[in-house]
Structure formats: C-alpha cells, structure tokens
Amino acid sequence: MSVLVFVEPDDDLSLQAITLARSLDGGEVHGVCVESTQAPVDVLHMAEIEGSYAPAAWAAAIVQLTGRLAPSAVVAPGSDRGNEVLAHVAARLDLPMAANVTDVRDGELTRQRWGGTLLEEARLHAGLKLLTAAPFAFAACVDSTQARVETFVPDLTPADTAVRVVETVGTATGGISLADAKVVVSGGRGVGSSEGFAILEELAALLEGAVGCSRVVTSAGWRPHTDQVGQTGTKVSPDLYIACGISGATQHIAGCKGAKKLLAINADPEATIFGHADYAVIGDLHEVVPAITAELRKAQGA
Amino acid sequence: MAIGADRAIHLVSEEEWDAQATASALLEAIRDEEQFDLLVFGNESADAGNYQVAIRVAYGLGLPVVTGLKGITIADGRARCEQEVAGGRDVYDVPLPALVTVKEGLNLPRYPSVPAKLRANRKPIDARPVTRPDPKLEKLRLVVPEGQGKQAEVLGHGPDAAPAVVEVLQRLGVA
C-alpha cells in the first residue's frame, strides 16, 4: 500500500500535504509533480508534460499513476491548484473527494466549512480516498528524505491540453502585498469613508505593513476588492492583524484567522471581533489610530 | 430571476447533498436542455466549500472548464479568462461552449430593481423534485473549532490606550 501526494515546487502547502499523507496508515509516500522539484517523499514521480499549467492534463497524469501504484489515498495541497487538480481527478474517477481536510482518524475525517470557522466530521465512502489538506492545518514536513526520482510520460489526448495557461500578466503592486505582509491594518464599516483610510495607511506605512478591509468597504466602493480580507477575498497570515472598526462577521474571520495575533479597535464593546481578538482597544478608531501612530513615532524617535 | 435570467430550473429537495450527487443532479437536469454557449458556476460554496461541483459537471458534458475567474472577455466564439495567482493573473483562452467558475471581485453585482422583480414573477420556473442518493462524502456532524471565543486582553479605552498598544507592537517585534 502507498499514499500519493501531488507536489508543487517551492510550496509550503505541498509540504503540509505531505505531513497529512505521512499521518495516514498507508505505507510508502509517493509524490507526483509536473514542474521539477524535490520533496521529502519516498519516491517522486515526475510527469513529463510540456508547456504551461493545464489542469486536465495534470489530472490525467495523476489518474494514470494511480492506476499503476494503486494507492489508498491521493492527497493534494489545499491551494487553488491543489483543489482544482484533485477535483479533476475525482471527476475522472467518479470518486468522492474531501476538500480542506484538517484531520483523519479511524475511518473518519474532519474538514473545513465556512472558510474554516466551522468543521464537518464526515466519512468518505470510497476505496481510494481523495483529500486536500487545509492550509496551515498541518505543519510543513521538514524530513530530509531525498526522494528517488522517476520520470514518466502520461498519455494525453488533445482534450486534456485544451485548457492551459496561455499568458501570465503581472499586476503592478505598490508596496507590500496583503498576503505576505507581517502586519495588516484593516478597516471596516467604522472607517466611514474612502478618505477615512488615510489614518490606516499612515499606521501601516510606519509598521511596514499592508492595508486591508472588510467586505462592507469594497461593496461601498471605498477600497478595491484586491484589498478585501475574508473568505471571498485574500486570506492573510501576518504576525499581527489590526482590525479597525470591523464588527467581525464569520466571512471576515475566515480571512484573518491565520494571523498570529489580532488587535481589535472598536467603539462597540459588544462587537463580535473581540471574541476573536488577543488584544482589544475600546474606542473610536478615528481617535485611537492617530494616537497609536503618534506614540509609535515618539517611540521610534522620529 | 430579477437580475437577468430568462428562465430557471429549480431542483427541489429538503436535504443536504454532497458534491458528487449535486453534480449528477445538475448534469441530469441540463443534459437535455438547449446547448448553452457558456455555463457559469461559483468557484466554491461559502458553506460546504467542496471546490468540485462545476468540474464534475464539465466532465459530464464534455466541456472545457476554467476555474476561479476574476475576469472574462467573450469574443469570436472564445472566452479569454483571467485567474488571480500570486503576483499576477494567469490567462486562459478557450473555445465556446465552455464552463467557467467565478470568484467574488469578477464584477460589481447587479441589484434587482422593483420593476425587474415584478417582471421576474412572470418568468417561468421549472420546479422538479429530485431524490438524494446515499452520500459518498457523508456528513456525520458539525463542530465549532477550538480557540473561538477567546478572552482578549483589554489594552485600554480610547486614545489613552496608545502607549499600551505600542508596547504590545514592540513585544511582538513588529514595531
């Protein structure tokens, strides 16, 4: 018996998927990749597929390998690509698939719902289990195993390669990206207007962080959707998330629960956000945020 | 219906379906309908988050599928689809008919007007009862994850809290 893991290069989520694979009672862990990489698995199968990302072709390769290895499970990272490729595999094999799994034990599994703010305990009725590992639910596998690499050429039809990336367009980003920022200063309805974000921008700049916002803000047109933190926006994992005037709707929490620490600033002492916060300041953000900025400048001696 | 659909098919069931069964039911419902040029699905549901219904339907219909769109342009029988990735956008160019899944931020949602709501009342909705098969991904129970309902440390009230906040920022190593 074995377990097969879909691995992407330089991808922490792939290493987390390997940890999930190793936790399964499945014997050897085999990896499968298309773009050349190394991974802490026992055998790494490199599928030789020319050209850019083509989800159906990548899935076809995994399905063919599955036929040969007869693994007990196929695991993929819970990334956009991981979920997409594994869903193609599931459709091809007409098997159930559990996305964003956080735990597997005794024939049952736990998976995320509502962006991880609720968990589902479920049973997968299939001989071959298809699982994606929920981001940051597992530690990255740091095993120093050097996999034995084997290459193979999958049989592909024109339909398999019909959908593929034909071009990648870079987006001009000013400053630090929301997803990578160590500090995110985020504003909600309480900010009140597009102009109201100036004080958040100022604090973020001082902390070398990025500015985020809640869905209310993008719906009102105060900030672009690219700034939105939440289940349907960017999921952030900074060292500190500062939520200013954000009530704390479930969808927003789904986007910022990856933060190591959360500081909430809100005028309403009953705001839901305080139930998710490590630190709280009760007060009007329009007074509190500039006061923090001034105090910080003083401390930094500027 | 009030935001632009001409007609609807409503698959009626009181139960919760798993993704595989949902896709089969959708496939059965639309397989014998007219040939659509473009089928649009959400990328994943907010509640169950299975990330797979649309892809299964696409395979059932034998159509190309592109997921997670933040931009789409239709011209000359083809769809140019843009997907957000780290540092930019991946572009796909697929012939129609095709199936796509979209993410929030693709466009500004249209809200229904009162006249549109009244007109929608006259549009046909084809309601069809459907029977749920035994789920292959069987939900046993829902649980609230640990760590919710934290007790926050109150640093203060109003602007007077600023020194305590800065102390925390320094302690966390971010200032």
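As the structure is a prediction and not an experimental result, all values here were calculated from the model.

Some remarks on the overall build of chain A
And then number 1: Of regular secondary structure, chain A possesses seven helices and 15 strands.
And then number 2: Over its C-alpha atoms, taken along the principal directions, chain A stretches across nearly 65 × 45 × 35 Å.
And then number 3: Surface accessibility of chain A: about 11,900 Å² in total, with carbon and sulfur atoms responsible for 50%.
And then number 4: Side chains of chain A carry 21 positive and 36 negative charges; the gap between the two charge centres is 3 Å.

Here's the deal with the environment of L240 of chain A
And then number 1: Take L240 of chain A: it is sitting in strand 13 (residues 240-244).
And then number 2: Accessibility expressed as a relative area gives 1% for L240 of chain A, which makes it buried.
And then number 3: When the C-alpha atoms of L240 of chain A and L263 of chain A are compared, they prove to be 7.3 Å apart, with 23 residues separating the residues in sequence.
And then number 4: Once residues lying within four places of it in the same chain are set aside, the contact partners of L240 of chain A are K182, V183, V184, K261, L262 and L263 of chain A together with L169, L172 and V174 of chain B.

Observations regarding the packing of helix 2 (residues 55-69) of chain A against helix 3 (residues 80-93) of chain A
Residues and elements named next belong to chain A.
And then number 1: Closest axis-to-axis distance for the helix 2/helix 3 pair is 8 Å, and the angle between their directions is 60°. Relative to helix 3, the element helix 2 is oriented oblique. Between helix 2 and helix 3 lies a crossing of right-handed hand. Residues P55, A56, W58, A59, A60, I62 and V63 of helix 2 lie in contact with helix 3, whose contacting residues are R81, E84, V85, H88, V89, R92 and L93.
And then number 2: Residue composition of the contact of helix 2 with helix 3, by class: ten nonpolar, one polar and three charged.

Concerning the sheet that holds strand 12 (residues 210-213) of chain A
And then number 1: Strand order across the open sheet formed by six strands is 12(A)-11(A)-13(A)-14(A)-15(A)-9(B), with parallel pairing between neighbours. The sheet is open, and its two edges are formed by strand 12 of chain A together with strand 9 (153-157) of chain B, each paired on a single side. For this sheet the average axis-to-axis angle between neighbouring strands, irrespective of direction, equals 20°.
And then number 2: Against the sheet, helix 4 (residues 198-206) of chain A engages strand 11 (183-187), strand 12 and strand 13 of chain A, with an angle of about 175° to strand 11 of chain A.
And then number 3: Contacts between helix 7 (residues 285-299) of chain A and the sheet are confined to strand 13, strand 14 (261-266) and strand 15 (279-282) of chain A, with strand 14 of chain A contributing the most and set at about 130° to the helix.

With respect to the packing of aromatic side chains
The relative placement of two aromatic rings is captured by the distance of their centres and the angle of their planes.
Residues and elements named next belong to chain A.
And then number 1: Inspection of the entire model under this criterion finds two aromatic pairs over all chains.
And then number 2: Their ring planes at 70° and their centres at 6.1 Å tell us that F6 and W58 sit as a pair that is edge-to-face. Separated by 52 residues along the polypeptide, F6 in strand 1 (residues 2-6) and W58 in helix 2 bring together distant segments of the chain. For the pair F6 and W58, one class covers both residues: buried.
And then number 3: Seen from their ring centres, Y53 and W58 are 4.8 Å apart, and the 85° between their planes marks the pair as edge-to-face. This pair shows no difference in class: Y53 is buried, exactly as W58 is.
And then number 4: Chaining the aromatic ring pairs together yields one cluster made of F6, Y53 and W58.
And then number 5: The ring of F152 is capped by R68, whose NZ or CZ atom sits 5.7 Å from the centre of that ring.
And then number 6: One Lys or Arg, R81, reaches over the ring of Y53 and ends 3.8 Å from the middle of that ring.

Notes on the pairing of strand 5 (residues 88-95) of chain B
Residue and element names in this part refer to chain B.
And then number 1: When you tally the buried positions in strand 5, you get six out of eight residues, the bulk of the element.
And then number 2: Strand direction decides the pairing type here: strand 4 (residues 78-85) and strand 5, joined by eight bridges, are antiparallel. Among the inter-strand pairings, Q83 is bridged to a residue of strand 5, identified as D90.
And then number 3: From the end of strand 4 to the start of strand 5, which pair antiparallel, there are two residues, and G87 there has a positive phi angle of about 80°.

Thresholds, definitions, all that
Residues numbered from 1 in each chain as written. Chains lettered and ligands numbered in written order. Predicted model: local features only at pLDDT ≥ 70, side-chain atom pairs only at ≥ 80, totals over all residues. Heavy atoms only, no water. Helix = DSSP H or I, 4+ residues; strand = E, 2+ residues; numbered from the N terminus. Areas by Shrake-Rupley, 256 points an atom, 1.4 Å probe, with all protein chains shown as cover. Lys, Arg positive; Asp, Glu negative; His and termini not counted. Charge placed at Lys NZ, Arg CZ, Asp CG, Glu CD. Buried < 20%, exposed > 50% of the residue type's maximum accessible area, 1.4 Å probe, protein only. Contact = heavy atoms within 4.5 Å. Axes fitted to C-alpha atoms, helices over the stretch in contact; angles between N-to-C directions. Parallel < 35°, antiparallel > 145°, perpendicular 65-115°, else oblique. Left-handed = near helix turned anticlockwise from the far one by under 90°. Nonpolar A, V, L, I, M, F, W, Y, C, P; charged D, E, K, R; others polar. Pairing = 2+ DSSP bridges. Phe/Tyr/Trp six-rings, centres within 6.5 Å; stacked < 30°, edge-to-face > 60°. Lys NZ or Arg CZ within 6 Å of the ring centre and 35° of its normal.

Everything listed is a geometric property; what it means functionally is a separate question.
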